[in-house]
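Reading the structure
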Amino acid sequence: QDIYIPLVSKGFQHQFWQAVKAGAEQAANEHNVRITFEGPDSETMVDKQIDMLSAALAKNPKALGFAALDSQAAIPLLRKAQSAKIPVVAFDSGVDSDIPVTTATTNNIAAAALAADKMAELIGGEGDIALVVHDQTSRTGIDRRDGFVNRIKEKHPKINIVSVQYGSGDHLKSTEITKSILQANPKLKGIFGANEGSAIGVVNGAKEMNRKLVIIGYDSGKQQKQAIQDGLMAGAITQNPVGIGYKTVEAAVKTLKGEKVDKVIDTGFFYYDKSNMTDPKIAAVLYD
Amino acid sequence: MTPLVTITGLDKSFPGVQALKKASFELLPGEVHALMGENGAGKSTLMKILAGIYQKDAGTIRVDGASVDIPSPRAAQDLGISIIHQELNLMNDLTAAQNIFIGREPKRTLGLMLDEDALNRDAAAIFARMNLKLDPRREVGELTVAMQQMVEIAKALSFRSKVLIMDEPTAALNNAETMELFRIIRQLKAEGVGIVYISHKMDELKEISDRVTVMRDGAYVGTLPTASTTMDTIISMMVGRSLTETKEAIPDSIGNDVVLEVRNLRRGHAIQDVSFSLRKGEILGFAGLMGAGRTEVARAIFGADPLDGGEIMVRGSTVAIRSPRDAVRLGIGYLSEDRKRFGLATGMDVATNIVMPCLRRFLSLGMFLKSREIRDTARSYIARLKIKTPSDSQEVRLLSGGNQQKIVIAKWLTRDCEILFFDEPTRGIDVGAKNEIYKLLNTLAAQGRAIVMISSELPEILRMSHRIAVMCEGRLTGILPGEGTTQEDIMRLATQRHSTTATGSTTSAAARELTQ
Amino acid sequence: MTTIAQQTALAAGKATVFSPGAWQKILAFASLVVLMTVFSIASENFLQPDNIIGILQATAVNGVLAVAATFVIITGGIDLSVGTLMTFCAVIAGVFLTYWGLPMPVGIMAAIAAGALAGSVSGVLIAKMKIPPFIATLGMMMLLKGLALVISGTRPIYFNDTPNFPVISQESLIGEILPFLPIPNGVLILFVVAVASSIVLTRTALGRYTFALGSNEEAVRLSGVNTDFWKIIVYTVSGAICGIAGLIIASRLNSAQPALGQGYELDAIAAVVIGGTSLSGGRGTILGTIIGALIISVLTNGLRILSVAQEWQTVVTGIIIILAVYADILRRKS
Amino acid sequence: MTTIAQQTALAAGKATVFSPGAWQKILAFASLVVLMTVFSIASENFLQPDNIIGILQATAVNGVLAVAATFVIITGGIDLSVGTLMTFCAVIAGVFLTYWGLPMPVGIMAAIAAGALAGSVSGVLIAKMKIPPFIATLGMMMLLKGLALVISGTRPIYFNDTPNFPVISQESLIGEILPFLPIPNGVLILFVVAVASSIVLTRTALGRYTFALGSNEEAVRLSGVNTDFWKIIVYTVSGAICGIAGLIIASRLNSAQPALGQGYELDAIAAVVIGGTSLSGGRGTILGTIIGALIISVLTNGLRILSVAQEWQTVVTGIIIILAVYADILRRKS
Ligand SMILES: Nc1ncnc2c1ncn2[C@@H]1O[C@H](COP(=O)(O)OP(=O)(O)OP(=O)(O)O)[C@@H](O)[C@H]1O
Ligand SMILES: Nc1ncnc2c1ncn2[C@@H]1O[C@H](COP(=O)(O)OP(=O)(O)OP(=O)(O)O)[C@@H](O)[C@H]1O
Ligand SMILES: [Mg+2]
Ligand SMILES: [Mg+2]
C-alpha cells in the first residue's frame, strides 16, 4: 500500500534544502514510503507556501511535513489537516501551535550564539565585526542575526557590530556587499555569513579585496568546506539538514504506525573548522 | 507594345467588405495612367496587391505578358514594381537616407560595415535630381508631412523600377513640390517607365496623365484617354452622376462680431509676429508654401504647442490657452493635417473616434456612457458625410484613407465649435466628398461659425475663402480679399521671403512656375 | 453581409459584461479548458471541490493584482509596483488596526486609500513629469518595498487584535447561504472587483479614455481631453485595486508580511498578457485577464497535484504559457 | 540653416563610437557625476581606487546583460530571460568543463553557443510564431531556470578542474601591463562587448535593422526586408551576449550556481531605460546603457559604504532612479 507524505519546505533551490530533501528521501527509501519535497523560491513568499500546502493536502496524504515560513498563516490549513486526521510533522523552525505531533529542528538562535562566541574568541574579544545575512524578515534570517547580535551584546561588550546587511543568499550580491563593508571599514576584524550563499559571498569578497579577516560561516557545501580547508574561513556552524529531513519522515512514519514520538526532536548543531572536519561525527552532518 | 502590367478579374475581400470585384487594369510602358475613384473604391487595395502587400483572392496579374504571383514586397521589387504608399510608411527614428535605402544599404569592409558616406551621397544625389533641399542625415520623424512625402518619393525613385505606383503622392504636397514631381514623372516616362497615378486632385489629371481608368465600388468602370475626355465625364463615371461646382457668393460678414483675434503671436522662427482677426460667419483661408508656418499658427492657438509670446482674444476677452482642453472649452476646434498621428485613435472604432471631443455630452451620472446615443450620433454622421464603413464599430485603421479623413471632420462637427481650424481638410478626399465638405463649410459659416481653412490647394482657397491670409517663413505677409484675388496675387505674398528679400526675377519666376 | 452581422455581434460582446459574446470568449480560451481536462484525467484529486476552491483562492490575489495591471497596460503603460504596493497597503492596514487599534473599517479604508495615493504618485510621475512608466513604477516598487519594511519595523504585523480580519478573505459568505458552495470571500472579492472593473472599462468615460490613451494619446489630447488628468486617475484606480489585493493577502495570512511582494508583478503582468491584452496598449479585457490568472493557477496547482519534480514544474510552466498564448493567436487568426 | 549644422553634428555623434559627441553625452549624464560627487564627499572610502575597481567589477555582469537587453529593447521587444539565460549558460560551461572535463576554450564556446541557441529560440517564437516578446521571454525565463536546475542536478557546479577558469573575470590583463591599473578582466570584457555592440548597432546592417524594426516594423517589411530573419538574429546575438555574462559570473564565483539569475533581468532592463533607450523601440545607445548600469552600481555601492540601513537603501535607490531619469528628461528638453 502506498504511503504518501508530502514535505512543504521553506525553500528548494538552496543547498541546505537540497540536503534536507536528501535526508528525507533516504528515510523514505528505508521505510518504503513516497514523498515529495517542495518549497517557494524565496523565504518571503508566505502565501506561495500556503498554496503549496493546500495542494499537498488535496493529494490525500497520509502525513505531512511542514517547515513554516510564518506559522500563523498556515494555521487554518493545519486545522484542516488535523480534522482530516493527517498528522503533521514540523521541521526546521517550529510551528507555533499544538497541531504538529513533533518538530524536528535545531535551535538557530543558540547556533548563531555559538558562532558569536567563536568569533569573539578568534578576534581576541574586541574590535569591529559585521554580518552578511540572507534575509531580513524570514525566521531563519532573524533568528541567526538576533542570536549572533544578542550574544555579542551580552557577552562581548568590546566587540562592535558595524554593519548588518542582507544579500538574499545570492552569492554575487553577498560578494558585493562584503566588498563594500570592507571598503567602509578598513579595520574590520571579522564577518559572520548567516547561510551558505552569504558565507561564500563573504569569502569571495575578502579574497577579491585581498583582506585577511576572521570569517565564520553557516551551513556547509563544497565551497565552504574548501574555504575552511584553505584557511580562508575560520569555521562554520552546521545544522544537520540531512538529519532534519531524515527525522521528519521517520517521525511521520512512526506516528502512522501508532508509535509515540517526542514533542521535539533536536537534530543538533555543530561548530566545525579545519581541526574537526574529518571527525566522522561532523563529516556525517556536512553535505557537498 | 506588350503592356507592362495587365490585371484581369481581380477579387479581394476583407472581413466585412468586398474591396475588389473583378477589377481590371492595364499599364503600358512610358505612360502615366491615372487610377480614379471615390474614397473606398478600391484603388489602394488594387495597387497593394500589385505591390505584393495583399494577396489576391482570384484573378490574374501579368507582368510583361507573363502571369505572375507576387507573394511579398520583395517579389514585387524583383519584378521591377515599386510603390509610394498613400499612408506614410517611414521609420521615424532613422534618417532620410537610411529610410530610402533600407534593405539595400551600400557596404564596405568585407561587406560587413555599412558605407554611411555612400548612403548619404546616393540619397543626396536623388534629392538633387528632385531639386529637393534636404539634408539626407535628418531624422525623418522631425520632418513635416510634406518632407516625409518627398522622402517616400525619393525612396520609390531609388529603386529605378519599370513600374512605379504613386498612391496620392501629392496629397501632402504644395504646388512647388507637385511641379517638381511632375517634372520627374515626365523624365521617367521618357525613360519608358510605366506610372500608375492615383489622386483626388482632378486638375492634376489633365496635366500629367495619358489615360484614366475609373473604378467604382471595387469594380472596373472604364478606361479613357485623358486628352479627349472631359473632367465631367470622368467625375460622372466615378460617382455615377454629374456634379456642379459653383463658387458661392461671398456673404458680407464685415459687420459681424470678431470672435477670434490674434496679436503678435511668436514662437522661435516658426511663428513671427502673426496677427489676424476672424469674424463670425467668415471663412478665412490660409495660403502659403510648404513650411510657411500655417500649421504652427493653428497648433499654437489651439494650445497644442507652447508660445513665446502674443495675445489671443476670444469674443473680445484675452484668454490663456495652455492646452487643447482650454481651447476646446473656449469653443475652438482643430482638425490636424496628419490624421494618423494627431487626428485619430486608429485602433478604436468609428463611433468612439467621432464622439471623442465631446464624450462628456454622452454621459449619464457623469460617468456612464450612453452607448445608444453614441451609436446614433455616429450613424448620423456616417450617413451625412457618406463615410464608407461596414458599421460604426469598425476599427478606423481598416477604413480607406479618405474615409478616415471624413471621420476627423465628423469628430469636430459633433463637438459643434464656434471657431474651427481646418488644416488641409480635403486631403485625400474624392471630388464628390470634397464638394460635400465645401457645402458643409459653407453651411457652417452660414450658421455663424468662424472658420480658418488652411489649404495648399490654391483653387480650393480661392473658391472657399471670404478672405485669404498668406504666410511665408513664419510671417503673415498679407491678407487678400476673397473676391477678385488671383493665384498670382497669392503667390506673390507667399514668396515674399525675408531672407532673400525678393530679388524680383526669382520670385516672379517661382510664382509663375507654381501657378502654371 | 453575414460577416457584418458577426462584426456587430462581436462589438456587442465587447460592450457587455457577461453577454453571450463573452461566454463565447470563455470557451474560446481553449487552453484553460484543455489544461483542466488533462489534469482531471491525470489525477482524480484535481477536480475535488476542495482543490478547485484552493485554485480559486490561489487566484484571488494574483487576479486582483492583474486587474489593477490591466488598467495601466491598456493605457500603454506598465506597472511594476503592483506587488510591493499590495504589501505596502497590507502594512498600512496592520499599522492602523494593530499598532493603533482602530476599528476594522478604518483599516480597510486606510489600505485602499494608501493604494490610491501611491497610485496617484506614479500617475503624476508619468503624466506630469513624463517619466517612462517602466522607470516610474520601478522606482515606486523600490520605494514602497523599503517603506513597507521601515513602517513595519521589518517584522510581520499580526492582526490578532482584529478577530474579524480573517473574514475578509478566508470565510465564505456564499457558503453561509449556499452550504454546498463554500467559495471563500477572497474569491468573491476578486469577482466583484473584476465585474466592477469590466463595467468601468467598457461603460464609463474613464474606461473609454483608458483605451483611447493606449491607442493614440496625442490624438486624444488634441481632442481637448485632459489626458494627464485621466492618466493619473487610471493609476490611482489601479493603486486602489492593489490596496484591495493587500487586504486579501493580509487577511489570508492573518498578517502583513513586509518583505513579500516583489516578483508578484511579473505574475500579474503575465496574466494580463496571456489574457490577450496587448502591452502596446489600446486593447484588452478584464475577462481575458481573469482567464490568464486562472491558467497560471491551474497550471501551478495541477503540476503540484501530479507531484512533478519542482525543477520540471518550472520548465513545463514556461512551455505551457507559450503554447497557451500561441493557441490563442492561432484561434484569432482563423 | 544653423539647425541643419546642429543636426549633422548630432547625427555624426550618433554614428561614431567615442567621438566628441559621445563624450559630450557622458558629461550630459549629470546624474552619474552628481552621485559620485555626493558619495565622495560623504565618505572618504568611496573614491579609493580599490572601491572604484570594485564598482566596475560589480557592473560587469549587469552591464553585459544590459547590453544584451539593449539590442532587444531597441527592436521594441523586451527580454525577461537574460538573467536565467546567463545562469543556464554558466551551467552549460560547468557541464562541459567539470562533468565532461573538456578544455576551457570548448567550454567557453559551448556557453556562448548555448546562449545564442536559446536566444534564437526566443527569436523564432517572437518572429515566426508571433508570440509577444513579453510572453515568449517569460516562458523562456522559466524554461531555462528549470533546465539549469535539471542539468546541474540542483547543485552548484565547481570549476576546480579548470584552474584557469577564474582568469576570465578575476585576474587583470591590463594590470599585468600597467600595474597601476589593475582592472579585472571581467570589466575588460564588458568594455569589449560594449564597444563591439556599439559598432554593430551603428555601423552594420544588423544594427540598422535593429533600429528600423523598433521604429516601424511594417515599413521595414514593406521595403522588402526579411524582418523575421533579422529579428531572430537580434535575439540570437542578445542570447550570445548573455552567454558571455554567464561566463563572467561563473568565473567570478568559480562555480555555476543554478538557482541564481531570476531578478537580474529587472536590473538589466532598468540600466537600459535609465540610459535613455526607449522601451517602445527605435532609439537607444550602448553608451547610455553602460552609464545606466554604472548609475545602479554606484548607487548600490555608495549607499552600502555609507552603511545606510538596508530598508532605507531600497527607498533611496527608488527615489534616485526616478530623479536621475527626470534630470535627463529636463536636460533633453532644454
Ligand atoms: N485591411 C483591411 N481590412 C478591412 N477592410 C479594408 C482593408 N483595407 C481596405 N479595406 C476596405 O476596402 C475598401 C477599399 O479600400 P481602398 O483603401 O482600396 O480604397 P481607395 O480607393 O484607396 O480609397 P481612398 O481614395 O480613400 O484612399 C474600403 O471599403 C476599405 O474600408
Ligand atoms: N515636428 C517638427 N519638428 C521640427 N520642425 C518642424 C516640425 N513641424 C514643423 N516644423 C517646422 O516649422 C515650420 C512651419 O511648418 P508648418 O508645418 O507649420 O508649415 P505649413 O505652412 O503648415 O506647411 P505644410 O503643412 O504645407 O507643410 C517649418 O519650417 C517646418 O520645417
Ligand atoms: Mg487609397
Ligand atoms: Mg501644415
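What counts, and at which threshold
- Residues numbered from 1 in each chain as written.
- Chains lettered and ligands numbered in written order.
- Predicted model: local features only at pLDDT ≥ 70, side-chain atom pairs only at ≥ 80, totals over all residues.
- Heavy atoms only, no water.
- UniProt positions renumbered as here; feature names shortened; annotations may be inferred.
- Helix = DSSP H or I, 4+ residues; strand = E, 2+ residues; numbered from the N terminus.
- Rg over C-alpha atoms; globule rule 2.2 N^0.38 Å.
- Buried < 20%, exposed > 50% of the residue type's maximum accessible area, 1.4 Å probe, protein only.
- Contact = heavy atoms within 4.5 Å.
- Lys, Arg positive; Asp, Glu negative; His and termini not counted.
- Charge placed at Lys NZ, Arg CZ, Asp CG, Glu CD.
- Near = heavy atom within 4 Å.
- Polar contact = N/O pair within 3.5 Å; in protein donor to acceptor, adjacent residues only side chain to side chain.
- Areas by Shrake-Rupley, 256 points an atom, 1.4 Å probe, with all protein chains shown as cover.
- Donors = N, O, S within 2.8 Å, 3.2 Å for Na, K, Ca; no water.
- Core = buried A, V, L, I, M, F, W, Y, C linked by side-chain atoms within 4.5 Å.
- Nonpolar A, V, L, I, M, F, W, Y, C, P; charged D, E, K, R; others polar.
- Least-squares fit on C-alpha atoms with pLDDT ≥ 70 in both.
- Domains from an automatic or database assignment.
- Buried area = accessible area lost by both parts, 1.4 Å probe.
- Salt bridge = Lys/Arg side-chain N within 4 Å of Asp/Glu carboxyl O.
- Expected span 1.5 Å × (residues − 1).
- Pairing = 2+ DSSP bridges.
- Axes fitted to C-alpha atoms, helices over the stretch in contact; angles between N-to-C directions.
- Right-handed = clockwise from strand over helix to strand, strands pointing away.

In the nomenclature of an unreviewed UniProt entry, chain C is known as ABC transporter permease of Microvirga aerilata.

An unreviewed UniProt entry lists chain B under the name Sugar ABC transporter ATP-binding protein, from Microvirga aerilata. As recorded by UniProt, the Sequence similarities (unreviewed entry) comment attached to chain B reads in full: "Belongs to the ABC transporter superfamily."

As a further point, take the overall build of chain C. What chain C contains, in helices and strands, is 14 helices and two strands. Against the compact-globule benchmark of 20 Å for 334 residues, chain C has a radius of gyration of 20 Å, which places it among compact chains. Its C-alpha atoms give chain C principal-axis dimensions of roughly 65 × 60 × 40 Å. For chain C, the residues scored as buried account for 62% of the 334 residues in total. Restricting the contact set of chain C to residue pairs at least 6 apart, pairs at least 24 apart contribute 75%. In chain C, 16 positive and 13 negative side-chain charges are present, and the distance between their average locations comes to 13 Å.

Residue and element names in this part refer to chain B. Not every one of the 20 residues close to ligand 1 is listed here, only the nearest: Gly40, Ser44, Thr45, Gln86 and His200. With respect to ligand 1, the backbone of Ala41 contributes an N or O atom lying 3.2 Å from an oxygen atom. Considered on its own, ligand 1 offers 630 Å² of accessible surface; in the complex 92% of this is hidden by protein. Among the secondary structure elements, those contributing two or more residues to the shell around ligand 1 are strand S2 (17-27), helix H1 (43-50) and helix H15 (401-415). At three residues, H1 tops the list of elements feeding residues into the shell around ligand 1.

What follows covers unusual backbone geometry. Residue Asn60 of chain A is not a glycine yet carries a positive backbone phi of 50°. The exposure class of Asn60 of chain A is exposed, given its relative accessible area of 55%. One non-glycine residue, Lys130 of chain D, lies in positive phi territory at about 60°. The topology assignment puts Lys130 of chain D in the loop between helix H6 (104-127) and helix H7 (133-152). A relative accessible area of 43% places Lys130 of chain D in the partly exposed class.

Once that is clear, we can look at the coordination of the magnesium ion (ligand 3). All names here are of chain B. Protein coordination at the magnesium ion (ligand 3) comes from Ser44 (OG) and Gln86 (OE1), with a distance range of 1.9 to 2.1 Å. One end of the pair, Ser44, is in helix H1; the other, Gln86, is in the loop between strand S6 (81-84) and helix H3 (96-100), and 42 residues separate them in sequence. Its relative accessible area of 18% is what places Ser44 among the buried residues.

Membership of the largest hydrophobic core comes to 322 residues, with the highest contact counts inside it found for Leu260 and Phe276 of chain B. Membership of the second largest hydrophobic core comes to 36 residues, among which are Val32, Ile84, Met166 and Leu173 of chain B.

Residue and element names in this part refer to chain B. Taken together, the neighbourhood of ligand 2 is formed by Glu142, Thr144, Leu289, Met290, Gly291, Ala292, Gly293, Arg294, Thr295, Glu296, Glu337 and Ser456. Here Arg294 contributes a side-chain N or O atom positioned 2.7 Å from an oxygen atom of ligand 2. Within the backbone of Glu296, an N or O atom sits 2.8 Å from an oxygen atom of ligand 2. When ligand 2 sits alone it has 630 Å² of accessible area, and the protein chains cover 68% of it. Along the lines of polarity and charge, the residues of the shell around ligand 2 split into three nonpolar, five polar and four charged.

Turning our attention to the relation of the copies chain D and chain C. Superposition of chain D onto chain C requires a rotation of 180° combined with a translation of 0.1 Å along the rotation axis, giving an RMSD of 0.1 Å. Such a turn and shift between the copies fits a two-fold axis. Taken as a fraction of all interface residues of chain D, those also at the interface in chain C reach 100%, which identifies the copy contact as same-surface.

What follows covers the domain arrangement of chain B. Interface size is often expressed as the accessible area that is lost when the parts come together. Residue and element names in this part refer to chain B. Domains assigned within chain B are domain 1 (5-239) and domain 2 (253-331 + 420-516). Taken over C-alpha atoms, the centre of domain 1 sits 31 Å from the centre of domain 2. Contacts between domain 1 and domain 2 engage 22 residues on the former and 19 residues on the latter. Interface area, domain 1 with domain 2, both sides summed: about 1600 Å², of which 56% is carbon and sulfur. Seen at the junction of domain 1 and domain 2, the total is zero salt bridges. Scanning the region where domain 1 abuts domain 2 turns up three residue pairs in polar contact (both at pLDDT 80 or more). Going through the elements one at a time, helix H6 (145-158), helix H7 (175-190), helix H8 (202-208) and helix H9 (231-239) are the ones with two or more residues in the side of domain 1 that touches domain 2.

In this section: the environment of Ala69 of chain C. As for its placement among the helices and strands, Ala69 of chain C is situated in helix H4 (residues 49-74). Spatially, the C-alpha atoms of Ala69 of chain C and Ala93 of chain C are 22 Å apart, while their sequence positions differ by 24 residues.

Moving on, we come to the coordination of the magnesium ion (ligand 4). All names here are of chain B. For the magnesium ion (ligand 4), the full set of protein donor atoms is Thr295 (OG1) and Glu337 (OE), at a range of 1.8 to 2.6 Å. Here Glu337 lies in the loop between strand S18 (332-335) and helix H12 (339-343) and Thr295 lies in helix H10 (residues 294-302), a separation of 42 residues in the sequence. In this structure Thr295 comes out as buried when scored by relative accessible area, which is 17%.

All names here are of chain B. Enumeration over the complete set of coordinates arrives at 55 salt bridges over all chains. Arg137 is the salt-bridge partner of Asp135, the closest N and O atoms lying 3.4 Å from each other. For Arg467, the salt bridge goes to Glu282, with nearest N and O atoms at 2.4 Å. With Arg467 in strand S23 (residues 467-472) and Glu282 in the loop between strand S14 (271-279) and strand S15 (283-288), this pair connects stretches of sequence that are 185 residues apart. Of the residues examined, Glu282 reaches a relative accessible area of 2% and is grouped as buried.

Attention now goes to helix H9 (residues 241-256) of chain A. Residue and element names in this part refer to chain A. Helix length check: H9 (16 residues) gives 23 Å between terminal C-alpha atoms against 22 Å at 1.5 Å per residue, within 8%. Summarising burial for H9: 12 of the 16 residues are buried, a large majority. Three or more residues of H9 are buried, namely Pro241, Gly243, Ile244, Gly245, Tyr246, Thr248, Val249, Glu250, Ala251, Ala252, Val253 and Thr255. With its phi angle positive at about 85°, Gly258 sits one or two positions after the end of H9.

The next point concerns the sheet that holds strand S10 (residues 194-198) of chain B. Residues and elements named next belong to chain B. An order of S6-S9-S10-S3-S11-S12 is seen for the six strands of this open sheet, with the pairing classed as mixed. Each edge of the sheet is formed by a strand with only one pairing partner; in this case those strands are S6 and strand S12 (219-225). When the angles between neighbouring strand axes are averaged without regard to direction, this sheet yields 20°. Pairing geometry for strand S3 (residues 32-36) and strand S11 (residues 211-216), over four bridges, is parallel.

Let's shift gears to the pairing of strand S7 (residues 159-166) of chain A. Residue and element names in this part refer to chain A. Direction of pairing for strand S6 (residues 127-133) relative to S7: parallel, over a ladder of seven bridges. By the bridge assignment for S7, Gly127 is matched with Ile159. Regarding the hand of the β-α-β motif, the stretch spanning S6, helix H5 (residues 139-155) and S7 is right-handed.

Each side of the interface is counted separately: chain C has 25 residues, and chain B has 34 residues. Counting each side, the surface lost to burial between chain C and chain B is near 2400 Å², with a carbon and sulfur contribution of 59%. Summed over the shared surface of chain C and chain B, the number is one salt bridge. Among the ionic pairs, Glu395 of chain B bridges to Arg283 of chain C, the shortest N-O distance being 2.8 Å. Here chain C is connected to chain B by 10 residue pairs in polar contact (both at pLDDT 80 or more). If you list the elements that add at least two residues to the side of chain C that touches chain B, you get helix H1 (2-15), helix H9 (185-203) and helix H10 (205-221) of chain C. Element by element, the count of residues in the side of chain C that touches chain B is highest for H10 of chain C, at 11 residues. Tallied by class, residues from the side of chain C that touches chain B come to 11 nonpolar, nine polar and five charged.

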